[in-house]
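Notes for the structure review
What follows is each chain in one-letter form.
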Amino acid sequence: MKYINRTGALSRVAGRTGLKGFDGAPHLILFIITLISATVLVTVAAFLILGSLQAFRVIGIVEMLGGTVWNPTSFNNPAFGMLPLMAGTFLVSFLAAVIAIPIGLGCTIYLAEIAHPKVRAVLKPAIELLAGIPSVVYGLFALLILQGWVAQVFGLQTGYVALNGGIILAVMMIPIMVSLAEDAIAAVPRELREASYALGATRWETMRSVILPASMSGIVAAIILSIMRAVGETMAVLMAFNQTPLLTLDPFSGVQTMTATIAIEMGEAAVGGLHYSSLFAVGVVLFIITLVMNTVANRIMLRYSEAYR
Amino acid sequence: MRVMSRNAREKLYFNLFRACGGLVVLTLIVIIAYMVIGSLPVLSLDFLTEPPRRANTAGGVLTPLVGTIYLMAIVSVFAIPIGVLSAVYLSEYQGKGWASHFWRIVVSNLAGVPSIVYGLLGLALFVTFAGLGRSLIASGLTLGVLALPIVISASREAIKAIPPSVREASIALGATKWQTIQHHVLPYAMPGILTGVILALSRAAGETAPILLTGAAFYMSSMPDSIFSQFMALPYHVYAVATQTMAGMNGSPVVYGAAIVLLILVIGMNLIAIVVRKKYREKYRW
Amino acid sequence: MQRKITITIGVVAVVIMAAVAASMLTGGEDKRTTIAQAGSDTLLELMTEMSESFSEAQDDVAVDVTGGGSGVGIKDLIDGNIDVAQASRQMKSTEIAAAEANGIEAVEFSVAIDGIAIVVNAANEVDSLTMEELRGIYNGTITNWNQVGGADQAITAYGRQTTSGTYEFFFETVMHKEDFSQEVSQETGNSAIATKVKNDAGGIGYIGIGYANQATGVSIVLLGADADSEAFLPTDEGAVYSGDYPLSRHLYVYTAGTPDGAVKQWVEYILSDAGQQIVADTGFYKLDADTLAAMKAKL
């Protein structure tokens, strides 16, 4: 009885503060904790944007996003054009995607449709484990071993080129892609498959004309999310190729990605200075790119989860 | 143009897919094999119990390993309670309105933000603005912020998977909402939450970029003596030995050894998470 | 039953984590004073070895060493984040002013002498360059080895990241503050440059002599101030001490204020015979007697 009374009083207070359906102290405590985590998460975005304002204001948003030279520490004419960095990120992510998508999808189909259930029971968790390998380990492999192979296979003077990064990023992307895409295929209702077999289709025909189209949105979302990993990766790209902020799409050239730029240059940039702020601006652009990719992937994913309720 | 029969074509495609699967497995085996073979000369228990020597080119990984454990401890203290309780609030108390939708979007997007951006934030917010300097606490909080969305979304998933009937039964018996959460929702969601927490911790343990900017040291002659001192950490140790010492660049066993210890730590945690999840998936089938 | 086990595991894990956290707060039995030092990557190996042998020599003081580049170390010293900065260049006037604004008087100590080595791939037949040619390679006007008397092969130039003191020194001494070519790769350490040059037939890079002495698969080229003057190697001790080698420089540590207590002990150790022997062991040059005396007088 006492308890109910107490809650009643609290509840009236809560009603005024806008907490609907209030039921006691735990509610309030949880609400406060949620507010704390909300503040933390919002601070991430706010701090980034606030930090970048100076650069966007002084240099100008057009110059920053469209400028073709990134040379912030130049003595005579510092330049803050982000285009070379964006091109670098695009190039290595694109190379990674080109390599990872066919292999990843092939592996997904094998895992989802062909592999013996016992093999799948081991392989699926194993691939999930591999998605958790720290990027610095992949970076180490690219730095010490893979570059030699790349140089040899393509007859290059040096293996520290964008392609080296593309390959190692592809290796990092595939486990994520396979894991998510396999979930999407597994979500296709059995009835569809059985109906197709009943019509006399072979396994491959069923897969190609029924299963894959039905799970396409989930697969696309898996691809986007795995590309996101490549775009946001720092250590592997830092270790895999020569860091040169060139505006190029040549896979046999060194490039500099947005992430690597922040990692290399942040240490010294004076707090509050233009260089410091411009690195925040790079962070904001990176943030927006991942935001867009994530939103698109979520939209697509939502569609596929609603399609077969 | 039907050169091949339907079955022959199927066989061709299937073999192609098998090859893809085989290639993925092979790549990963090759990478791990290189690390293992490279590290063989140093792999022993001594490697874990000795600090690095001779400018990180000899000795073991004790100091970096301890640093990484300290970091995980800070992340646990900071991100887990807040993350899990926020998830409880968001899924049990908050309705299904726009606010709930908004939070789902915020959390899912922040989980996808590149780790270097968290490093940038940690440097600006914790190291400089809050005046914590390059320190364990600054790096730990940075990793905590990185882990928070992962903990929240995993916990929400786990709580959401509990059927409403469990809650309704409890409330029908006169339990308050909090009692229901305490005695029914949380215990049933615990395995899922635990899985998410372990995954978040292993992610924090393996990240290099955020601690690169917020306090990892190349060399420390002793363990960190307070949360305000600098620290060595395994992932940064791998990076630093690999790029800053001649031995590392020449593929010294020490660098592979450090990578293997990191791999075992992170993969081990992931493995525990997978086992926990599998076990309880079988147990609670709604 | 199983639920209880899970909860137990969870509780145990939390207790362990809390215990670790508590042990961090209370500190270990180690009651040594810790000096935080950061900065130059060139000095990283030297200072780490110095710190190790310093720890063996006495029980009161420990030194933690971080890289990042001279710029990072100096900035941290200015911000009061660290006790000692290691630098491969001198502080700029703007940095000294910033330190004074924060109430920190940075005191400079030379600790070793370095000749920055210009290294090329071991297979490269070019064995001598002038400063002018070096500038051309790094500003992008010379892009092929046949322009400087070598084979027909594209040049890949490796340099340091902008936080590096070696970068600054090179920027001023070789480039005369003109822009580097955008094709120069920014490497985060001396050893990264050495290894990439080793793996790149057309590679060229600049690294501290301590690293060049250890590197394999690269050769050090002779460097002359101009076409008419004699060219020297950075391994030529006399030429480095006299400054005839064009890229000779001092390496420094900076302390916040005149050192006392633990920091004083540390600087004394660096300048001691044992400390200077480590300088030589890591491939750099000991301070000459005059400089050494002048540094000791500053203490």
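As the structure is a prediction and not an experimental result, all values here were calculated from the model.

Describing the overall build of chain C
Counting its secondary structure elements, chain C contains 12 helices and 13 strands. Per-residue burial over chain C gives 53% buried out of 299 residues.

As for helix α4 (residues 98–111) of chain B
For α4 of chain B, with 14 residues, the first-to-last C-alpha span of 20 Å sits near the 20 Å given by 1.5 Å per residue. Among all positions of α4 of chain B, only W103, V107, N109, L110 and A111 of chain B are buried.

A word on the nonpolar core
Among the nonpolar cores identified, the biggest contains 296 residues, and L140, I168 and M173 of chain A together with L120, V151, V238 and A259 of chain B are the most heavily contacted of them. Broken down by element, the residue count for this core peaks at 18 residues, all from helix α3 (residues 62–93) of chain B. The residues touching L120 of chain B, leaving out its near neighbours within four places in the chain, are I262, M266, L279, F280 and G283 of chain A together with L213 of chain B.

Considering the interface of chain B and chain A
Opposite the 70 residues of chain B that make contact, chain A presents 65 residues. The greatest single-element share of the side of chain B that touches chain A, amounting to 18 residues, is contributed by helix α1 (residues 6–39) of chain B. Each residue belonging to the side of chain B that touches chain A can be placed in one class, and the counts come to 48 nonpolar, 17 polar and five charged.

What about the domain arrangement of chain C?
Residues and elements named next belong to chain C. Looking at chain C, the domain boundaries give domain 1 (32–113 + 251–296) and domain 2 (117–242). For domain 1 and domain 2, the distance between their C-alpha centroids amounts to 27 Å. At the interface, 19 residues of domain 1 touch 17 residues of domain 2. Where the side of domain 1 that touches domain 2 is concerned, the elements lending two or more residues are α2 (44–57) and α3 (70–78). Its residues assigned to classes, the side of domain 1 that touches domain 2 shows six nonpolar, nine polar and four charged.

Things to note about the interface of chain B and chain C
Contact with chain B, which involves 37 residues of that partner, is made by 40 residues of chain C. If you list the elements that add at least two residues to the side of chain B that touches chain C, you get α3, α8 (177–206), α10 (234–244) and α11 (246–249) of chain B. No other element matches α3 of chain B, which puts six residues into the side of chain B that touches chain C.

Rules behind the numbers
Throughout, a residue's number is its position along its own chain's written sequence, starting from 1. Just so you know, chain letters begin at A and ligand numbers begin at 1, following the order they were written in. Reporting in this predicted model follows two pLDDT cut-offs: at least 70 for local features of residues, and 80 or more for side-chain atom pairs to be given and counted; totals over whole chains, interfaces and linings ignore these cut-offs and use all residues. In this description a helix means any DSSP run of H or I spanning at least four residues, a strand means any run of E spanning at least two, and both kinds are numbered starting from the N terminus. Any residue whose C-beta has 12 or fewer other C-beta atoms within 10 Å is treated as exposed, any with 20 or more as buried, and any in between as partly exposed, C-beta atoms being built from the backbone. Expected helix span is taken as 1.5 Å per residue step, with the number of steps being one fewer than the number of residues. Under the definition applied here, buried Ala, Val, Leu, Ile, Met, Phe, Trp, Tyr and Cys residues are grouped into a nonpolar core through C-beta atoms within 7 Å. We call two residues in contact whenever the C-beta atoms placed from their backbones are within 7 Å. The classification used treats Ala, Val, Leu, Ile, Met, Phe, Trp, Tyr, Cys and Pro as nonpolar, Asp, Glu, Lys and Arg as charged, and all other residues, Gly among them, as polar. All the domain ranges listed were derived from an automatic or database domain assignment.

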